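# Architecture at a glance
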Amino acid sequence: MAQYFSLILVIVTLVSGIIWAIDAFAFAPKRKAALAAAEKTKSLTEKAKEKILQESSIVETAHSIFPVIAFVLILRSFIYEPFQIPSGSMMPTLLVGDFILVEKYAYGLKDPVWRKQLVETGKPKRGDVVVFKYPIDPTVDYIKRVVGLPGDKIIYRNKQLYIQKACVEGVKECPGPELIHRKEINRGEFSQNGYPMLRYNEQLGDVNHDILINPAILDRVSAYYKQDGTKPYEFEVPKGKYFMMGDNRDNSLDSRFWGFVPEANLVGKAVAIWISFEFDRTDADFLPKWVPTGVRFNRVGGIH
């Protein structure tokens, strides 16, 4: 839907801009000339002058909407775009009902239709929360955290994350796998099917964030993405691609299951929650489920 919305914005902006430009350069001068000619023959009232200079309804509409639509297009395509969190795969960082802002220029300026890179502005860093086009179906937007950079080897075994960073050119010895240490924060703040989940604090690169682990769920290694030359729980990140994981480690369909995210699929960096709604209604309630039951003002702010 977001892809079609971008296309509609581009078409409306283009059509309204063309109509406005044609009128400004072709028909507006003719109306002014007609007014000048009429004023030479007789004195005109203000109402009569306005009638001669009056734009057609189509031109008037284009004149009104073009600046607004063009501003929205530029803002949404190149600066910030709002997204709604639809699932719990990024809990506890992001909850269902969070509305976030995504910085579109963080990883390069792309055209809004074909998404071709226009200007390079930066690369994802380990720990960034990123919106991207799902590689299996690019019409769908996903949001996950960058865990693996190009050249890294990612190991996820027994719910423990290890990262073997890419070899640095010119350095003889490559680094070995490094266990990403985590500290338990609490047990039971979040639960799944009545079973308490573990909340840990984890450091990825320069980013300190929390994750959730459900001890009752086994690692689904048999469903992991299979890569030639690696063990079932190992992933070697190819050049120009990234390895993404959800913070809700046992409830996230991420790179462990479908592979890597090409750089071309990156949409932007999630930087802030601008509003957060609670949706606690049931089928028995009078109002539909999509009507919020409250606002979580304490969640408004930056994303880590």
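Residues numbered from 1 in each chain as written. Predicted model: local features only at pLDDT ≥ 70, side-chain atom pairs only at ≥ 80, totals over all residues. Heavy atoms only, no water.

Looking at the largest pocket, its volume works out to about 270 Å³. Forming the boundary of the largest pocket are 15 residues, of which P92, T93, L94, R199 and R299 lie nearest the centre. Residue assignment for the lining of the largest pocket shows that the elements contributing at least two residues are strand 10 (182–192) and strand 12 (207–213). The residue inventory of the lining of the largest pocket, partitioned by class, reads six nonpolar, five polar and four charged. Estimates place the volume of the second largest pocket at around 220 Å³. (1 Å grid on protein atoms, 1.4 Å probe; cavity = no way out; pocket = protein on both sides within 12 Å on 5 of 7 lines; lining within 4 Å. Points joined across faces, edges and corners; volume = space filled by probe spheres on them. Helix = DSSP H or I, 4+ residues; strand = E, 2+ residues; numbered from the N terminus. Nonpolar A, V, L, I, M, F, W, Y, C, P; charged D, E, K, R; others polar.)

Taken together, three strands build an open sheet; the order of strands is 10-11-12 and the sheet is antiparallel. Whereas interior strands pair on both sides, the edge strands pair on one side only; in this sheet they are strand 10 and strand 12. Ignoring strand direction, the axes of neighbouring strands in this sheet form an average angle of 30 degrees. Where strand 11 (residues 195–204) lies against strand 12, seven bridges are found, and the strand directions are antiparallel. Opposite L198, over in strand 12, you have I213 as the bridge partner. (Pairing = 2+ DSSP bridges. Axes fitted to C-alpha atoms, helices over the stretch in contact; angles between N-to-C directions.)

Another aspect to go through is the sheet that holds strand 7 (residues 153–157). If you walk across this open sheet you meet the four strands as 9-8-7-13, and the pairing is antiparallel. A strand with exactly one partner marks an edge of an open sheet, and here the two such strands are strand 9 (178–179) and strand 13 (234–236). As judged from the five bridges shared by strand 7 and strand 8 (residues 160–164), these two strands associate in the antiparallel manner. Residue pairing across strands places I154 opposite I163, the latter belonging to strand 8.

This part takes up the nonpolar core. Counting 30 residues, the largest nonpolar core has F132, V147, I154, L161, F243, M244 and L266 as the members making the most contacts within it. Taken together, the elements giving at least two residues each to this core come down to strand 5 (129–133), strand 6 (141–148), strand 7, strand 8, strand 11, strand 12, strand 14 (241–245) and helix 4 (255–258). The element contributing the most residues to this core is strand 14, with four residues. Residues in contact with V147, not counting those within four places in the same chain, are R126, D152, I154, L161, I163, L204, F243 and M245. Formed by 13 residues, the second largest nonpolar core is a distinct cluster that contains V129, V131, V267 and A270. (Core = buried A, V, L, I, M, F, W, Y, C linked by side-chain atoms within 4.5 Å. Buried < 20%, exposed > 50% of the residue type's maximum accessible area, 1.4 Å probe, protein only. Contact = heavy atoms within 4.5 Å.)

If you walk through the whole model with that rule in mind, you get one disulfide. Here C167 connects covalently by a disulfide to C174, the sulfurs 1.8 Å from one another. Judged by the sign of its S-S torsion, about 125 degrees, the cystine formed by C167 and C174 is right-handed. Taking the relative accessible area as the measure of exposure, C167 reaches 45% and is therefore partly exposed. By relative accessible area, C174 is classed as partly exposed at 40%. (Disulfide = S-S within 2.5 Å.)

As a further point, take empty space enclosed by the protein. Under the definition given, this model contains two cavities of 30 Å³ or more. Estimated volume of the second largest cavity: approximately 50 Å³. Lining the second largest cavity are Y156, I217, L218, D219, R220, Y224, R249, D250, R256 and F257. Its residues assigned to classes, the lining of the second largest cavity shows five nonpolar, no polar and five charged.

One pass over the full model with this rule turns up 15 aromatic pairs. Pairing F99 with F277 gives two aromatic rings, centres 5.6 Å apart and planes at 85 degrees, and the pair type is edge-to-face. Residue F99 is located in strand 2 (residues 98–103), and its partner F277 is located in strand 16 (residues 266–278); the two are separated by 178 residues in the primary sequence. For F99, a relative accessible area of 17% translates into the label buried. On the basis of relative accessibility, which here comes to 23%, the residue F277 falls in the partly exposed class. The interplanar angle of 50 degrees and the centroid separation of 6.0 Å between the aromatic rings of F132 and W258 together place this pair among those described as tilted. Taken together, the residues span a long stretch of sequence, with F132 in strand 5 and W258 in helix 4 at a distance of 126 residues. (Phe/Tyr/Trp six-rings, centres within 6.5 Å; stacked < 30°, edge-to-face > 60°.)

Moving on to the environment of A70. Topologically, A70 is positioned in helix 3 (residues 57–79). You can call A70 buried: its relative accessible area is 15%. Placed 127 residues apart in sequence, A70 and M197 show a C-alpha to C-alpha distance of 47 Å.

Okay, unusual backbone geometry next. With an omega of 5 degrees, the peptide bond between M91 and P92 qualifies as cis. With phi around 55 degrees, N158 is a residue other than glycine that occupies positive phi space. Secondary-structure assignment places N158 in the loop between strand 7 and strand 8. Owing to a relative accessible area of 64%, N158 belongs among the exposed residues under this scheme. For N193, which is not a glycine, the phi torsion comes out positive at approximately 55 degrees. Structurally, N193 is set in the loop between strand 10 and strand 11.

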